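# Fold and geometry: a report
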Amino acid sequence: MTADTSRDDGRLTVVEQTRKRSAELFMVFRDETATATERDGARDALVHLHLPLVEHCARRFRNRGEPFEDLVQVGTIGLIKSVDRFDTERGVEFSTYATPTIIGEIKRYFRDKGWAIRVPRRLQELRMQISATTAELTQSLGRSPLPREIADAIGCSVEEIIEGLESSNAYATLSLDATDDGSDTGGQSMLEAMGVDDDALEHVEIRESVKPLLENLPPREKKILLLRFFKNMTQSQIAEEIGVSQMHVSRLLSRTLDQLRQSLDEG
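In this text, all values refer to a predicted model and were calculated from it rather than measured experimentally.

The rules behind these values
- Residues numbered from 1 in each chain as written.
- Predicted model: local features only at pLDDT ≥ 70, side-chain atom pairs only at ≥ 80, totals over all residues.
- Heavy atoms only, no water.
- Helix = DSSP H or I, 4+ residues; strand = E, 2+ residues; numbered from the N terminus.
- Buried < 20%, exposed > 50% of the residue type's maximum accessible area, 1.4 Å probe, protein only.
- Contact = heavy atoms within 4.5 Å.
- Areas by Shrake-Rupley, 256 points an atom, 1.4 Å probe, with all protein chains shown as cover.
- pLDDT = per-residue confidence, 0-100.
- Axes fitted to C-alpha atoms, helices over the stretch in contact; angles between N-to-C directions.
- Parallel < 35°, antiparallel > 145°, perpendicular 65-115°, else oblique.
- Left-handed = near helix turned anticlockwise from the far one by under 90°.
- Nonpolar A, V, L, I, M, F, W, Y, C, P; charged D, E, K, R; others polar.
- Polar contact = N/O pair within 3.5 Å; in protein donor to acceptor, adjacent residues only side chain to side chain.
- Patch = residues over 30% accessible without salt bridge, like charges linked within 9 Å, V, L, I, M, F, W, Y side chains within 5 Å.
- Salt bridge = Lys/Arg side-chain N within 4 Å of Asp/Glu carboxyl O.
- UniProt positions renumbered as here; feature names shortened; annotations may be inferred.
- Core = buried A, V, L, I, M, F, W, Y, C linked by side-chain atoms within 4.5 Å.

## Here's the deal with the overall build of the protein
Per the secondary structure count, the protein includes 13 helices and 0 strands. Reading the secondary structure of the protein in the N-to-C direction produces α-α-α-α-α-α-α-α-α-α-α-α-α. Buried positions account for 26% of the 267 residues belonging to the protein. At a minimum sequence separation of 6, the contacts of the protein that also span at least 24 residues come to 49%. Element-wise, carbon and sulfur atoms account for 51% of the exposed surface of the protein, whose accessible area totals about 18400 Å².

The following block contains the structure:
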């Protein structure tokens, strides 16, 4: 029991020392007669003095997928803002004033990180306003509110509401590796379900150019080409089909192809 009391007394002593040192540094930092070097030194000392406060706030957001060091770095930005804005005449402890700013900076970091595509801060904040206002209006109206009603409630234009709604599409995206059943294994991924390149596309233009030339061919030559290239029949099968020799089919086919190539070159 005595040891616990001593530890509590020690903690109180550290807190009082920090408060005293903080007050002294703020006096220098706010002293207009002090040199720029003295004021900058006091500012840096204030930041270092209250870094444990930043670490304490950052611990609240651990295990959320972001490195603790990054959270401390972001929280330090909030601490610096608090030091620059703090008014010693308010009669409020600096730690009380700085804590909401530090936590707000960390929350803003998570909010920015949550967007799959980078969008302006004003649109991120507008999206949150739209979401909250839509929920309130839906409850009071008994239906989904119109963009005009949301705009009137927030105090902005309908165009801004539409822009904010469209920006919501950038908040989250679906990975191409995601499966249709939501599992990590099994199921077909979106990438696998997407179409593939059609190797025959590059031949479309050629086929379209050849069509009118085929129409001008004699019936027998035209039939030979159709059987060879559209039904994939061999020359022997074609010969049997039209009642001529395989050699004759070969000569007709070569002659016809030469004519088509010549016509294409001339065209």
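Once the structure has been displayed, the description carries forward.
## Focus: the confidence of the model for the protein
Averaged over all residues, the pLDDT of the protein equals 79, while 74% of them reach at least 70. Confidence drops under pLDDT 50 across residues 1–8; counting only partners more than four residues distant or on other chains, this segment forms 0 contacts.

## A closer look at the packing of helix 2 (residues 36–49) against helix 4 (residues 68–85)
Contact geometry for helix 2 and helix 4: axes closest at 10 Å, N-to-C directions at 130°. Relative to helix 4, the element helix 2 lies oblique. The two elements helix 2 and helix 4 meet at a crossing, and its hand is right-handed. For the pair helix 2 and helix 4, contact is made by Arg 43, Leu 46 and Val 47 and by Thr 76, Leu 79, Ile 80, Val 83 and Asp 84, respectively. Residue classes in the contact of helix 2 with helix 4 are distributed as 5 nonpolar, 1 polar and 2 charged.

## Examining the side chain of Thr 256
By secondary structure assignment, the location of Thr 256 is in helix 13 (residues 246–266). Since its relative accessible area comes to 2%, Thr 256 is described here as buried. Polar side-chain contacts of Thr 256 include one of 2.7 Å to the backbone oxygen of Leu 252. Setting aside residues no more than four positions away along its own chain, Thr 256 makes contact with Leu 217, Glu 221 and Leu 225.

## Points about a nonpolar patch on the surface
A grouping of Leu 226, Phe 229 and Phe 230 is seen on the molecular surface, where their side chains present a nonpolar patch of about 310 Å² in accessible area. By the secondary structure assignment, Phe 229 is in helix 11 (residues 219–229). Using a relative accessible area of 45% as the deciding quantity, one classes Phe 229 as partly exposed.

## Structural notes on the UniProt feature "domain: RNA polymerase sigma-70" (unreviewed entry) in the protein
UniProt records the feature "domain: RNA polymerase sigma-70" (unreviewed entry) at residues 70–83, using the numbering of this structure. Within residues 70–83, the helical portion is 100% and the strand portion 0%, while the C-alpha atoms at the span's ends are 20 Å from each other.

## Details of the nonpolar core
By size, the foremost hydrophobic cluster in this structure holds 25 residues, and its most contacted members are Phe 26, Leu 79, Val 83, Phe 94, Ile 102 and Ile 106. Mapped onto this core, the elements with two or more residues apiece are helix 1 (2–29), helix 2, helix 3 (51–59), helix 4 and helix 5 (94–113). Once residues within four sequence positions are removed from consideration, Leu 79 is found in contact with Val 47, His 50, Leu 51, Val 54, Phe 94 and Ile 102. Leu 214, Ile 224, Ile 238 and Leu 253 belong to the second largest nonpolar core, which has 12 residues in total.

## So, the environment of Leu 79
Structurally, the position occupied by Leu 79 is in helix 4. Linking Leu 79 and Ala 98, residues 19 residues apart in sequence, is a C-alpha distance of 6.3 Å.

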